[in-house]
Amino acid sequence: MKNLSSFLVLFLVSGVRSFELVIGDIPDEVENLIDLEMDGFPSSPRARNGRYQRSTSDWGYDGDLVEDDDKVGLYSYKVQSTITSRLANTMIQAKMVNNARRPQPIMFDVQVPKGAFIDNFTMDINGITFTSHIREKSEARKMYAQAKAKGKAAGIVRSNALDMENFQTEVNVPPGMRIQFQLHYHEMIRRKLSSYEHVISVKPGRLAKHLEVDVRIIEPQGLRYVHVPNSLGDHFNGITTISKGEKKAHVSFKPTMDQQRKCPKCSSTAVDGNFVVQYDVNRETTGGELEIFNGYFIHFFAPENLDPLPKNILFVIDVSGSMWGLKMKQTIEAMKAILSELRAADQFSLIDFNHNVRCWRDNLVSATPAQVEDAKKYIQAIHPNGGTNINEALLRATFILNEAKSLGMLDPNSVSMIVLVSDGDPTVGELKLTTIQKNVKQSIKDEFSLFCLGIGFDVDYDFLQRIATDNRGMAHRIFGNQETSLQMKNFYNQVSTPLLRKIQFNYPQESVSDVTQSSFHNYFGGSEIVVAGKVDTENLQHLESIVTATAANAELVLETLRDVEELDGFMKKDKYADPDFTRKLWAYLTVNQMMAERNAAPTAALKRNITKSILQMSLDHHIVTPFTAMLIENAEKDEIMLADQPKDPRKGCCPGTLGLTPNAPNNNKGLPPWANVTAVPVSFMPEQRGSPTSSLTINRVDNDPHFTIHLPKSQKNICFNINSEPGKILNLVSDPGTGVVVNGQLVGAKKAENKKLNTYFGKIGFYFQKKGLKVEISTEKITLKDGSYAITLSWADTGHVIRKQLLISVKRESNVTITVGKEMSFMVLLHRVWKKHPVNVDFLGIYIPPENQFSPAAHGLIGQFVSEPEVSIHHQTPGQAPEKPQAIMEVKGNKLTVTRGVQKDYRTDRVLGTDVLCWFVHNSGKGFIDGHYRDYLVPHLYSFMKKP
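A look at the overall build of the protein
Here is step 1 of the chain: Looking only at helices and strands, the protein has 14 helices and 52 strands in total.
Here is step 2 of the chain: When the 948 residues of the protein are sorted by exposure, 57% land in the buried category.
Here is step 3 of the chain: For the protein, the share of sequence-separated contacts (at least 6 apart) that also reach a separation of at least 24 residues comes to 68%.

Section: the nonpolar core
Here is step 1 of the chain: Core analysis: the largest hydrophobic core is formed by 61 residues, its most contacted members being Phe766, Val775, Ile777, Ile818, Phe826 and Phe928.
Here is step 2 of the chain: Sorting elements by how many residues they give to this core places strand β40 (residues 759-768) first, with five residues.
Here is step 3 of the chain: Residues contacting Ile777, with those up to four places away along its chain left out, are Gly762, Lys763, Ile764, Phe766, Ile782, Trp795, Val816, Ile818, Val828 and Leu844.

A word on the environment of Gln876
Here is step 1 of the chain: Here Gln876 is to be found in strand β49 (residues 871-877).
Here is step 2 of the chain: You can call Gln876 exposed: its relative accessible area is 53%.
Here is step 3 of the chain: Put simply, Gln876 and Val898 are 22 residues apart on the chain and 9.3 Å apart in space, counted from C-alpha to C-alpha.
Here is step 4 of the chain: Discounting chain neighbours no more than four positions away, the residues touching Gln876 are Pro885, Gln886, Ala887 and Trp919.

Re the packing of helix α8 (residues 433-444) against helix α9 (residues 461-469)
Here is step 1 of the chain: Between α8 and α9, the shortest axis-to-axis distance is 10 Å and the interhelical angle comes to 20°. On the basis of their axis angle, the class for α8 and α9 is roughly parallel. In the packing of α8 onto α9, the handedness of the crossing is right-handed. On the side of α8, the interface is formed by Leu433, Ile436, Gln437 and Val440, while α9 contributes Phe463, Arg466 and Ile467.
Here is step 2 of the chain: In terms of residue class, the contact of α8 with α9 is built from five nonpolar, one polar and one charged.

Notes on the environment of Phe130
Here is step 1 of the chain: Mapped onto the elements of the fold, Phe130 is located in strand β7 (residues 128-136).
Here is step 2 of the chain: Phe130 sits 503 residues away from Glu633 along the chain, and the two C-alpha atoms are 5.0 Å apart.

Description of the state of the cysteines
Here is step 1 of the chain: As enumerated under the stated definition, the model contains two disulfides in all.
Here is step 2 of the chain: Disulfide pairing places Cys263 opposite Cys266 at an S-S distance of 1.8 Å. Between Cys263 and Cys266, the disulfide has an S-S torsion of 95° and is therefore right-handed.
Here is step 3 of the chain: Across the disulfide, Cys719 is cross-linked to Cys918 (sulfur-sulfur distance 2.0 Å). The S-S bond linking Cys719 to Cys918 shows a torsion near 75°; that makes this disulfide right-handed. One end of the pair, Cys719, is in strand β37 (residues 716-721); the other, Cys918, is in strand β52 (residues 914-921), and 199 residues separate them in sequence.
Here is step 4 of the chain: For Cys719, a relative accessible area of 0% corresponds to the buried category.
Here is step 5 of the chain: In the protein, the bonded cysteines, taken in the order they occur along the sequence, pair up as 1-2, 3-4.

Regarding unusual backbone geometry
Here is step 1 of the chain: Phi is positive for Ser85, close to 50°, though the residue is something other than glycine.
Here is step 2 of the chain: In this fold, Ser85 is placed in the loop between β3 (72-84) and β4 (87-98).
Here is step 3 of the chain: For Lys502, which is not glycine, the phi dihedral falls at a positive 50°.
Here is step 4 of the chain: Tracing the backbone shows Lys502 in strand β27 (residues 498-506).

A word on the packing of aromatic side chains
Here is step 1 of the chain: Tallied over the entire structure, the rule returns 25 aromatic pairs.
Here is step 2 of the chain: Taking 5.2 Å as the distance between ring centres and 50° as the angle between the ring planes, the aromatic pair formed by Phe117 and Tyr588 counts as tilted. Highlighted residues: Phe117 in strand β6 (residues 117-125) and Tyr588 in helix α12 (residues 581-600), separated in sequence by 471 residues. Each of the two residues, Phe117 as well as Tyr588, counts as buried.
Here is step 3 of the chain: Between Phe236 and Phe253, the aromatic rings sit 5.5 Å apart at their centres with planes inclined by 75°, giving edge-to-face as the arrangement. Residue Phe236 is found in the loop between β14 (223-227) and β15 (241-244), and its partner Phe253 is found in strand β16 (residues 248-253); the two are separated by 17 residues along the sequence.
Here is step 4 of the chain: Looking at Phe253, the relative accessible area reads 1%, which means it is buried.
Here is step 5 of the chain: Three or more aromatic residues joined by ring pairs make a cluster, and in this case those are Phe301, Phe505, Phe520 and Tyr523.
Here is step 6 of the chain: Across the ring face of Phe570, the terminal group of Lys247 is positioned such that the distance to the ring centre comes to 5.5 Å.

Considering the pairing of strand β29 (residues 519-524)
Here is step 1 of the chain: Of all the six residues making up β29, five are buried; the element is thus mostly covered by neighbouring parts of the structure.
Here is step 2 of the chain: Note that β27 and β29 share five bridges and pair antiparallel. Residue Pro498 lies in a different strand from β29, and its bridge partner there is Phe524.

Analysis parameters
Residues numbered from 1 in each chain as written. Predicted model: local features only at pLDDT ≥ 70, side-chain atom pairs only at ≥ 80, totals over all residues. Heavy atoms only, no water. Helix = DSSP H or I, 4+ residues; strand = E, 2+ residues; numbered from the N terminus. Buried < 20%, exposed > 50% of the residue type's maximum accessible area, 1.4 Å probe, protein only. Contact = heavy atoms within 4.5 Å. Core = buried A, V, L, I, M, F, W, Y, C linked by side-chain atoms within 4.5 Å. Axes fitted to C-alpha atoms, helices over the stretch in contact; angles between N-to-C directions. Parallel < 35°, antiparallel > 145°, perpendicular 65-115°, else oblique. Left-handed = near helix turned anticlockwise from the far one by under 90°. Nonpolar A, V, L, I, M, F, W, Y, C, P; charged D, E, K, R; others polar. Disulfide = S-S within 2.5 Å. Phe/Tyr/Trp six-rings, centres within 6.5 Å; stacked < 30°, edge-to-face > 60°. Lys NZ or Arg CZ within 6 Å of the ring centre and 35° of its normal. Pairing = 2+ DSSP bridges.

See below:
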């Protein structure tokens, strides 16, 4: 079995938009699996009496399960989260069983908060346990390669998304077998807008016999309040219970199976969203709270009741063409609200930029009502267009602030900042990101802060993070939806109230070590500064801290003294409290700080040293970082999976588009029968539709462009050409019933021959409206789009992408197959020509089986023949050439003269093609197609057509 994906495929990907990526070709033997899938899994003594049928009663959930059509039962979906002094340890567990009569994939798909550290993952497959270990990445990959070479089970986990926000596991499970997944991660909950917010994704995907979200909060400072907003919807009003004590709280969400249902008789679950717990703690001292335990200290600092510092703020707004539409509308709405919140003591100005940079005012002005109103009018009149010159815009902003300072226009106690709002990479002016970063750093000179707000998926968020962190700021991403305006305002509110400047934390050097960042440029109201370190508790009775800072009207010196054993009694009495919370928080802060320092490292040598430190920390504290990998193996260590992160989160784990692995070795030797699985669910594979459709029974458009329509009832092939202009877009299928559109854009030859310029399809677009998916295939690349998110493969790859039960299979430099469940499939062929050919260009051909389940409303140059017209061909006479006789064809009330001819099917022979006999309709198919071919021209690659 060649190029077979291994037993288990795990995916760590970004956001809710995750793509399953299959490494290598679809295996040759998959046809056998498809037969089993279609005919039903045959019963066998082993399946009836062996370990596949092990009892699930020891799970403790007897009784009937509600199953979807796939016959997968979810016995239990449990989330347990314990927060100990802002350190949240979360476990997500799912227990499932395959009650179908055939093997099928079962997926464990959870969302992990951005920035959380995954520290453990286990599986129990009918009593066989897989556990995880953290290794240095190259060592782990070597072990994985050795396992493959010895024919042992081996799988690989790779990420191709911008952020690791999804964890996915998929296992092919034989009938009657049970499986348990369990994922552990931890994170530090940061305070924003005067509240800690713990967000847990709860998306079981189906009704669970037992569903539970259990959150326990242990805060030695004391709990000020605990609140659970109705984030899952009104459907679950009154189900959540909250028990709050002085320093502890328990939140429980346990809907019954009936309460989970979308409606009383529905078999689908309404549990699909985020479970959110909000709380805050008591603060008795302005100097913060010192918590000391097990040789570490944590210093939480969040002073309140301070007067805001005046601020000098430059808003730098991207108004390039990509901001057109909803993005710009909501940006304007948010900016008008933000301007209204400026205080009288603040100074501000506005800069908007595309390929040019414009200033509303060339200098800072006071935030008087008149100036604020004028700024709103300026914002309202913006019309986005042009390119993106980030470098010049930021340098103009820094010039304004530096000039104001040199002229003595800034209050010495004020806070100066730039807020950049952009949705894309630079396209005009300086394009090199490292140069822009260097220019801005040199211009700011550590005098003020830069905050970056990235909108959408196209923006280089890593760059925004680097440039913000490099200049004492932070970055935030907004994913561009109906809530963009609210998200922008919330981001601004996090930095709108500076309370302190130049904050410095001091500890006795002889008593502490390995202290995290202890000097901060600003402190903003509603947030929290956290400092951690190691402390010598053996030789110390008390730990003292001194915090110095500049407030609006004073220089502050704040002292705190704590007994090093003060927490011991409290922690030992609470069975739910994490005894390692101080160590984990210190490691969390330290690793994140080192990652930021590595990004800003000026030399390669320094970057290497920091990398070594991060690696050691990752191994010591058993966490997955960009420099470690997680090995997942059974007790016998003869089945191994590998999970790692990409070095470049925008490109995937390895060089090359998406880390696809053409010519992958056979990883499946020696696997037990129940683990014989591919990474693509069998039901999605195009081969499931049976043997390839013959040349005589498929609709196609190929070459110049030549259309061939197969009429199944009359068993005739009718062909015609379309002669149009380069750049024009022809509609092939427009089906409002299924929401499917297929359009092709023409490209011209390099020059005309015999006074005729040949045209071909250079780009083909597919729009699956009900799924919200778009696929664009050109002669250079294949792109799948879901809203603002996009994933791209090149023709040099062999691999597969699945999204919302739509499968895209790419065969290197040959073809792309798009399969939509069992309903539809499409094949696009790539035709390459000699690059220096004086006339010809690369082009595409498309093949559409007539069995595709379009609706009766389908139309288009091909789609209209879903309803097959009556065709009669008679009075055949010799033509000018013996091999091209002519005849009369009666169709749609028309009598047409047609010529017997030959077209080509290039699916099996991409050079010479296979001859297909057809009756050729002249004049661009006039009389055979409805209306004129110009009626099928559409304005955009994803446009539906209007019926002629």
